[in-house]
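# Breakdown of the fold
Residue strings, one per chain:
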Amino acid sequence: MTVDTYRPRRSVLYIPASNDKALAKIGSLACDAVIIDLEDAVLSADKKAARDKVAGILAGRERRCEMVVRINPLASEWGTHDLLAVAKAEPDGILLPKIGTPRDILEAGDLLDDNFAPDSVKLWAMVETPRALLNIGAIAEFGRDPASRLNCLVTGTNDLVKATGIMATPDRRYLMPWLMQLVLAARAGGLDVIDGVANDFRDLDAFAGECAEAAAMGFDGKSLIHPAQIEAANRAFSPSPEALARARAIREAFARRENAGKGVIALDGRMVERLHLAEAEKLLAKAAIIGA
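This section reports on the structure supplied with the text. (Residues numbered from 1 in each chain as written. Predicted model: local features only at pLDDT ≥ 70, side-chain atom pairs only at ≥ 80, totals over all residues. Heavy atoms only, no water.)

## Regarding the overall build of the chain
Looking only at helices and strands, the chain has 12 helices and 10 strands in total. On the principal axes, the C-alpha backbone points of the chain span a range of 70 × 40 × 40 Å. For the chain, with 292 residues in total, the buried portion stands at 47%. For the chain, the centre of its 37 positive side-chain charges and the centre of its 41 negative side-chain charges are spaced 3 Å apart. (Helix = DSSP H or I, 4+ residues; strand = E, 2+ residues; numbered from the N terminus. Buried < 20%, exposed > 50% of the residue type's maximum accessible area, 1.4 Å probe, protein only. Lys, Arg positive; Asp, Glu negative; His and termini not counted. Charge placed at Lys NZ, Arg CZ, Asp CG, Glu CD.)

Below you can see the structure in the form of structure tokens.
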């Protein structure tokens, strides 16, 4: 994603569509995105009623943050109805759960196109199955085609742990190879990628550590299950003062008359190339957008 189309997704908070009290607080939250959940957080008997509420939740709301709706899987009895009803409400994105192959993205996109959903309604994809991980390169490639609508990948770590039988350790050591594979695929496809949730929302120190680790791995943000996690996520996925100072120094160094036209310069005893200048300018532009 280029700076011109950049939207911060440092903190992405799940809110059940059935939780009226939590939904009423959306306008006061400092998160970058909200995912209104029609899937895991809603009982089968309540799914239609939850779906019918989405239009009212989105209508007339001043969107301080990005508004995304997670529907039920298209293969389920609710999925297609969810997709078409939610698209009419024109959220910023529709999150597809339980994807497995590129066809899942194509089918959802075709349904949206056939029913004249505006291009502004993007697709997000949950990567939470072994099959999705095996096909992640081909899935992420759709990010290079705007017609596909695919805009963001979201990691479903709990489902991956359940489906594979690996041990869920505090340091996530057994998940690491797959998490890095997701970041690599997202970058190849020009997509944002959001890390999975931390289940113990009371342990904010552990959560902050997990956010810092995810940011170092290259994730764009973190999935949240409680508003108390927002501040730590926003902080971890924002440029640090040190990184911003370094970026400004690089930009200023290349702007000097004696460095005009140079591809490589020395700065504070280190070699700096124009690719570092491009990175610095991108970081400073993103920092300006989020007010860092």
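## Describing the packing of helix H3 (residues 79-88) against helix H4 (residues 102-114)
Where H3 meets H4, the axes come as close as 10 Å, and the angle between the chain directions of the two elements is 45°. The orientation of H3 relative to H4 falls into the category oblique. For the pair H3 and H4, the crossing hand works out as right-handed. Here Thr80, Leu83, Leu84 and Ala87 of H3 come into contact with H4, specifically with Ala108, Leu111 and Leu112. Split into classes, the residues belonging to the contact of H3 with H4 amount to 6 nonpolar, 1 polar and no charged. (Axes fitted to C-alpha atoms, helices over the stretch in contact; angles between N-to-C directions. Parallel < 35°, antiparallel > 145°, perpendicular 65-115°, else oblique. Left-handed = near helix turned anticlockwise from the far one by under 90°. Contact = heavy atoms within 4.5 Å. Nonpolar A, V, L, I, M, F, W, Y, C, P; charged D, E, K, R; others polar.)

## Quick look at the pattern of salt bridges
Counted under the stated rule, the structure contains 25 salt bridges. Ionic pairing is found between Lys48 and Asp52, a salt bridge with its closest N-O pair at 3.0 Å. Taken together, the residues span about one helical turn, with Lys48 and Asp52 both in helix H2 (residues 47-58) at a distance of 4 residues. Overall, the relative accessible area of 48% leaves Asp52 in the partly exposed class. With its nearest N and O atoms 2.9 Å apart, the salt bridge here joins Arg149 to Asp113. Within this pair, whereas Arg149 is found in the loop between helix H6 (136-140) and strand S6 (150-155), its partner Asp113 is found in helix H4, the two being separated by 36 residues in sequence. Salt bridges here are not isolated pairs; linked through shared partners, they connect Asp37, Glu39, Asp40, Arg70, Lys98, Glu128 and Asp159. (Salt bridge = Lys/Arg side-chain N within 4 Å of Asp/Glu carboxyl O.)

## Quick word on the side chain of Asn151
Position of Asn151 among the secondary structure elements: in strand S6. A relative accessible area of 16% places Asn151 in the buried class. Within polar-contact distance, the side chain of Asn151 engages the side chain of Arg9 at 2.5 Å. (Polar contact = N/O pair within 3.5 Å; in protein donor to acceptor, adjacent residues only side chain to side chain.)

## Digging into unusual backbone geometry
Within the chain, Glu90 stands out as a residue other than glycine whose phi angle is a positive 55°. By the element assignment, Glu90 lies in the loop between H3 and strand S4 (93-96). Glu90 sits in the partly exposed class, given a relative accessible area of 41%. For Arg172, which is not a glycine, the phi torsion comes out positive at approximately 55°.

## Describing the environment of Val54
Tracing the sequence through the fold places Val54 in helix H2. When its relative accessible area of 1% is taken as the criterion, Val54 is described as buried. With sequence-adjacent residues up to four places away left out, Val54 is seen in contact with Leu38, Val69, Val86 and Ala89.

## Considerations on the sheet that holds S6
Read once around its circumference, the closed barrel built from 8 strands follows the order S1-S2-S3-S4-S5-S6-S7-S8, with strand pairing classed as parallel. Across the sheet, the mean angle separating the axes of adjacent strands is 25° when strand polarity is ignored. As paired strands, strand S7 (residues 192-195) and strand S8 (residues 221-224) are joined by 2 bridges and run parallel to one another. When the bridges of S8 are listed, Ile194 appears paired with Gly221. In the packing of H4 onto the sheet, contacts are made with S4, strand S5 (122-127) and S6, and the angle to S5 comes to roughly 155°. (Pairing = 2+ DSSP bridges.)

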